[in-house]
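# Reading the structure
Now for the letters of each chain:
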Amino acid sequence: MTILFDRRSTRTLDTLLAEALPGSTLQAWTFDDRASRRTAERAFAEKGVTARLRSAYKPLLYAFLEEINLDGVESIEVFYPVHPNAPENRFRLEAYPLAEMVGARAISFTARKDANLHYDVVLHRMGRTETIKVLAPNRVHVDAADETNLSPTGWVQRDDEPGVRLETDYESLFASAIDAVATYDWGMDEPYFEELNIRVAFPADDERIAVGDEAISLREALHEDFYFSLLEFFQKKSGRPIGDRGLKPGQIVPEIVRDGNAVSVCVSVRPLTTGYLDGEVQDLDTATRPLATQQIVAALSEVGGEAFEARSRAGRVLHARYINGTDAAVMISGGQHPNETTGICGAVRAAKQLVQRPGAHFTISPLENPDGYALHQRLCVDNPRHMHHAARYTALGDDLEYRTEETAAGHINEKQIRFDAQQLSGALLHVNLHGYPSHEWTRPLSGYVPRNFAMWTLPKGFFLVARYHAGWEPQAERLLDRVTRHLSAIPGLLAYNERQVALYEIHAGETGFRVINGFPCLASVDDRHTVPMTLITEYPDETIYGDDFVAGHTAQMETVLSAYEAWQDIVATS
């Protein structure tokens, strides 16, 4: 292991307390959880200082959680700013999931014409109105990828003086670690490292919200910001555009933990890991958490057929099976992004049913990214309720779907499993099971809304994507119609979609998707895939467990079964 940067810091709350004079007043906005801010306020009071400490992260939401009294309120109007350095709906998104938190009260969001960084909240209470101004401190800055952002920031106002920006411990540790990576000499050859580890200790606990799977998590947000900011830095370094998924920097691993009240960051380069964590065997149909790797392998053995495999960058085996029959062949895969966990279980369950069908003809590779899966297991030890997008891509740091024989540069690795599946089966349909965050996804220190992933920042139900070669649109439309009609019969799934889509529309505005038989869908020509028809599922599954996990992998399984059945009819009549 090589340490590139190591730093411990003083908590911003402690610094403010040490500097405050008895008899003074202070208002500050910091990146601290609610319990830490309340504890600090008591310490200020003991010193003779009148202090109010607010959250710099999601300030409107916290204003409702901590200060705004809704007793007798019948309706709420929120007027939010629009800033030239942010998406139009940025501050509307930042209020999520307020619309559901206020219960049956009517709530509206209206864009103001100015860029003044505050919300105006109008409460209508029994014929009276009350207007409350809620400050939303932000700063305009350029990041390590030369992108201009409007990002939440700390703020402090002492006595009657004007408020000024306060660079908090949260912001400082992020900036210093990013700078350490950006100024290091990585050479020119990809991958630049095996594992780039960013271990951060930050004293903030998650706060669950009584809306779906939502929680306010400063540590999870920091993981997301570190991971994607560093990807963007290396994309720029390589000469690629921001968002390019073919970059192979190596495995970027932010580990954001709580270690008492410590604030620290250590950046190091480490060797790749090669094993898995042990896990208990579950009943497949009622599994309440991601499957252990050994259970996935055992289940594939029970499916039978012809075994084929590939190896990951770290040497882990990708196990797959080919069932040769008389039906029109279908490729089934899961785990391309292995923090999207329901598709892995759903793929195995579907294969175990399909193999009982006379004439069954399919390939099954339920865990296409075992290095990412092992990393997800490792990160979930600290917090299984975080999204852990560092486990999304391979140990090479790329998205295996975007790896081709031309761009592999000697690292075809995981992608070989798809090449072999298509060659063995001759399949014209690939059912590729995915998921996305089941709660809000943010990057607070890089503009708040995840760059290039704005569509996925809020959950919006079980989502289907059809990608097809030119001339295959009729088959795609028939497939989407058949599959969504089948899924609409699953008890509770349509209502689940309706609730999430309704909340999404309030906070995000236009959806940008079609709804087919109650399911959000996208369909487009895409000649990048070697298989002419690809059906992608997107279940909001990152971080779900228990009955929610069962519902997720059941929906994934039913999608595979219905797509397989529909494909037989589509091929026969095309």
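Details of the structure are given in the entry above.
In this report, the structure presented in the accompanying data block is examined. (Residues numbered from 1 in each chain as written. Predicted model: local features only at pLDDT ≥ 70, side-chain atom pairs only at ≥ 80, totals over all residues. Heavy atoms only, no water.)

### Some words on the sheet that holds strand 15 (residues 251-257)
Selection criterion: One bridge is not enough; two strands pair if DSSP finds at least two bridges between them. Every helix listed is a DSSP run of H or I at least four residues long, and every strand listed is a run of E at least two residues long, numbered separately from the N terminus. Axis definition: a line fitted to C-alpha atoms, over the contacting stretch in the case of helices. Angles run 0 to 180 degrees between N-to-C directions. Should any heavy atoms of two residues lie within 4.5 Å, those residues are counted as being in contact.
Pairing within the open sheet is mixed, and its four strands lie in the order 1-16-12-15. What marks the edges here is a single partner per strand, and that holds for strand 1 (2-9) and strand 15. Taken over all neighbouring pairs, the strand axes of this sheet differ in orientation by 10° on average, direction set aside. Across seven bridges, strand 12 (residues 195-201) lies against strand 15 in parallel orientation. Paired with Ala201 across the strands is Val257, a residue of strand 15. The sheet strands contacting helix 6 (residues 169-182) are strand 1, strand 12 and strand 16 (263-270), and the helix crosses strand 16 at an angle near 20°.

### Some points on the packing of aromatic side chains
In this description, a pair of aromatic rings is defined by centroid distance and the angle of the planes. The test is simple: Pairing of aromatic side chains requires ring centres within 6.5 Å, counting the rings of Phe and Tyr and the six-membered ring of Trp. Pairs whose planes differ by under 30 degrees are stacked, by over 60 edge-to-face, and all others tilted. The rule is simple: take the accessible area with a 1.4 Å probe, protein chains only, and divide by the maximum for that residue type; under 20% is buried, over 50% is exposed, in between is partly exposed. By definition, being over a ring means that NZ of Lys or CZ of Arg is both within 6 Å of the ring centre and within 35 degrees of the ring normal.
All told, the structure shown has 23 aromatic pairs when counted by the stated rule. When the ring of Phe463 is compared with that of Phe513, the centres are 5.4 Å apart and the planes differ by 90°; the resulting orientation is edge-to-face. Of the two residues, Phe463 is situated in strand 22 (residues 463-468) and Phe513 in the loop between helix 13 (493-508) and strand 23 (514-516); the sequence distance between them amounts to 50 residues. Of the two residues examined, Phe463 and Phe513, each falls in the buried class. The ring of Phe91 carries Arg90 above its face, with NZ or CZ at 4.4 Å from the centroid.

### What to know about the nonpolar core
Keep this limit in mind: What makes a nonpolar core is a set of buried Ala, Val, Leu, Ile, Met, Phe, Trp, Tyr and Cys residues whose side-chain atoms join them at distances within 4.5 Å.
Ranked by internal contacts, the top residues of the largest apolar core, which has 87 residues, are Ile76, Phe226 and Phe234. With 10 residues, helix 7 (residues 218-237) is the largest single contributor of residues to this core. Among residues more than four places away in sequence, those in contact with Phe234 are Val181, Trp186, Tyr192, Phe193, Leu196, Leu247, Pro249 and Ile252. Listed in part, the 54 residues of the second largest apolar core include Val348, Ala466, Met557 and Ile570.

### A look at the side chain of Thr559
We count it as follows: Side-chain atoms alone can form a polar contact between residues adjacent in sequence; in general such a contact is a pair of N or O atoms within 3.5 Å, and within protein one must be able to donate a hydrogen while the other accepts it.
Inspection of the secondary structure assignment puts Thr559 in helix 14 (residues 546-573). According to the relative accessible area criterion, Thr559 is buried, its value standing at 0%. Of the polar contacts made by the side chain of Thr559, one reaches the backbone oxygen of Ala555; its length is 2.8 Å. The contact partners of Thr559, leaving out residues within four places of it in the chain, are Phe462, Leu464, Val483, Leu487, Leu535 and Thr537.

### Describing the environment of Glu94
Within the element layout of this structure, Glu94 appears in helix 4 (residues 90-94). The class of Glu94 is buried, set by a relative accessible area of 1%. When neighbours within four sequence positions are excluded, Glu94 is seen to be in contact with Lys58, Pro59, Tyr119, Pro152 and Tyr448.

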